[in-house]
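What the coordinates show
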Amino acid sequence: ETLGALGGMATFVKRGETVVVKPNIGWDRTVEQGANTHPLVVRAVIEHCLEAGAKDVRVFDRTCNDPRRCYVQSGIQDVVEGMKSERVKIEHMDRRAYQDLDIANGKDLTRWSFYQPALDADRFINLPVAKHHGISTLTLGMKNIMGVIGGNRGRLHQNIAESLADINSVVHSTLTLVDATRILVANGPQGGRLEDVRLLDTLIASADIVAADAYAATLFGHRPEDIPTIVAGARRGLGSLDLSPGRLA
């Protein structure tokens, strides 16, 4: 229903295209703990990509905890492999596939390392989970892009708003679909306590990453203009804070 409000996945993915679906698989946490994108949301998005005619769908993330444990504990590896489709692959990121790139008009970062397969895909679908973050207040679509960059990611937290705007100016999300089926309202981004998880059964989708993040912020009781990352994204022309009907679903 969420994608249908935007014209369906065929609006974003065309027949024969290679698609990257980028969930948050960053943490060695179970589905119930809400630190990673829900595996059923990941599966549904992949299914819609295949129905739209995608040639290949690739799923990956640069995790914070041990990647093997994160892929399994999150439930995402099981659902992707369970689809048993030759057109779908969940893969561990190849350290040889990062490339240093200049960031035109970068404010905090003028050059950084990016995962080339994320840039080479015809379509990049950004699939974050909505949750609290101790440094950036929230981690949503713009911050989910940290999963396809290399280098010392801790460096970005020194000026997180401008740094995220910089990397999002390089990695363009064709579609941002925020998983707010259950949100982590405290002790993010890793979480761990079930009492910090609130069930909302909500999905937010937009071709405008800033608008998607802006609406997601309201689920936590925040005004979008109070979240520096969202403000920086809008100021840098990555999207709009305008939440009027039709901009997202």
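The written sequence of each chain sets the order in which its residues are numbered from 1. The predicted nature of this model means local features are confined to residues of pLDDT at least 70 and side-chain atom pairs, given and counted, to a pLDDT of 80 or more, with totals for whole chains, interfaces and linings taken over all residues. To get the side-chain values, all heavy atoms of the structure are used, and hydrogens and water are removed first.

With respect to the overall build of the protein chain
Counting from the N terminus, the helices are DSSP H or I runs at least four residues long and the strands are E runs at least two residues long. Scanning the protein chain for helices and strands turns up eight helices and 10 strands. Radius of gyration here uses only the C-alpha atoms, and the compact-globule reference equals 2.2 Å multiplied by the residue count raised to the power 0.38. The globule rule puts the C-alpha radius of gyration for 249 residues at 18 Å, and the 16 Å found for the protein chain is close to it. Seen along its three principal axes, the alpha-carbon backbone of the protein chain occupies a region of about 45 × 40 × 40 Å. The buried share of the protein chain, taken over its 249 residues, is 55%. Neither His nor the chain ends contribute to the count of charged residues, in which Lys and Arg are positive and Asp and Glu negative. For this purpose, a charge sits on NZ of Lys, CZ of Arg, CG of Asp or CD of Glu. Across the protein chain, the mean location of the 29 positive side-chain charges is 3 Å away from that of the 30 negative side-chain charges. A 1.4 Å probe rolled over the protein chains alone gives each residue an accessible area, and that area as a share of the maximum for its type sets the label: buried under 20%, exposed over 50%, partly exposed in between.

Structural notes on the nonpolar core
In this structure, Met9, Val21, Ile46 and Cys49 are the most contacted members of the largest nonpolar core, which totals 74 residues. Only heavy atoms enter the contact rule, under which two residues are in contact if any of them lie within 4.5 Å. Once residues lying within four places of it in the same chain are set aside, the contact partners of Ile46 are Val21, Val57, Val59, Val80, Met83 and Val88. The term nonpolar core refers to a set of buried residues drawn from Ala, Val, Leu, Ile, Met, Phe, Trp, Tyr and Cys, joined through side-chain atoms within 4.5 Å.

Examining the pairing of strand S6 (residues 123–127)
Counting buried positions along S6 yields four of five residues, so the element is predominantly enclosed. Here five bridges tie strand S1 (residues 18–23) to S6, and the two strands are oriented parallel to one another. Note that in S6 the partner of Val20 across the bridge is Phe124. When DSSP finds two or more bridges between two strands, those strands count as paired. Sheet topology note: the S6/strand S9 (residues 175–184) ladder contains two bridges and is parallel. Paired with Asn126 across the strands is Thr176, a residue of S9.

So, the environment of Ile149
Summarising the element assignment, Ile149 is placed in the loop between helix H5 (141–144) and helix H6 (160–168). Along the primary structure Ile149 and Asp94 are separated by 55 residues, whereas in three dimensions their C-alpha atoms are 12 Å apart. Residues contacting Ile149, with those up to four places away along its chain left out, are Arg62, Tyr98, Trp112, Ser113, Phe114, Leu156 and Ile167.

Considering the packing of H6 against helix H8 (residues 228–235)
Simply put, an axis is a line fit to the C-alpha atoms, just over the touching stretch for a helix, and the angle between two N-to-C directions goes from 0 to 180 degrees. At their nearest, the axes of H6 and H8 sit 8 Å apart, and the two run at 45° to each other. In terms of their interaxial angle, H6 and H8 are classed as oblique. Here H6 runs over H8; the crossing is right-handed. In contact with Ala161, Glu162, Leu164 and Ala165 of H6, H8 contributes Pro228, Thr229, Ala232 and Arg235. Of the residues contributing to the contact of H6 with H8, the split by class is five nonpolar, one polar and two charged. By definition in this entry, angles of less than 35 degrees are roughly parallel, angles greater than 145 are roughly antiparallel, angles of 65 to 115 are roughly perpendicular, and the rest are oblique. Here a crossing is taken to be left-handed if its near helix is turned anticlockwise relative to the far helix by less than a right angle, and right-handed if that turn runs clockwise. Following the grouping adopted for this structure description, the nonpolar residues are Ala, Val, Leu, Ile, Met, Phe, Trp, Tyr, Cys and Pro, the charged ones are Asp, Glu, Lys and Arg, and the polar ones are all others, Gly among them.

Side note on the pattern of salt bridges
Salt bridge, as used here, is a side-chain nitrogen of Lys or Arg placed within 4 Å of a carboxyl oxygen of Asp or Glu. Counted under the stated rule, the structure contains 17 salt bridges. Residue Glu17 pairs with Arg123 through a salt bridge whose shortest N-O separation is 2.9 Å. Note that Glu17 is positioned in the segment before S1 and Arg123 in strand S6, a separation of 106 residues in sequence. Relative accessible area serves as the criterion here: at 13%, Glu17 is assigned to the buried category. For Asp166, the salt bridge identified is with Arg236, shortest N-O distance 2.3 Å. Taken as a pair, Asp166 in helix H6 and Arg236 in the segment after H8 lie far apart in primary sequence, 70 residues in all. Given a relative accessible area of 22%, Arg236 falls into the partly exposed group.

So, the side chain of Ser173
For Ser173, the location among the structural elements is in the loop between H6 and S9. Here the side chain of Ser173 touches Asn126 through a polar contact of 3.3 Å, side chain to side chain. If we ignore the near neighbours within four places in the chain, the residues touching Ser173 are Phe124, Asn126, Ile145, Ala207 and Ile209. What qualifies as a polar contact is a pair of N or O atoms within 3.5 Å, subject to a donor-acceptor requirement within protein and to the restriction that residues adjacent in sequence count only when both atoms come from side chains.

Overview of the environment of Glu81
Mapped onto the elements, Glu81 comes out in helix H3 (residues 76–82). Sequence separation of Glu81 and Arg43 is 38 residues, and the distance between their C-alpha atoms is 9.9 Å.

Keep in mind these numbers describe shape, not what the thing actually does.
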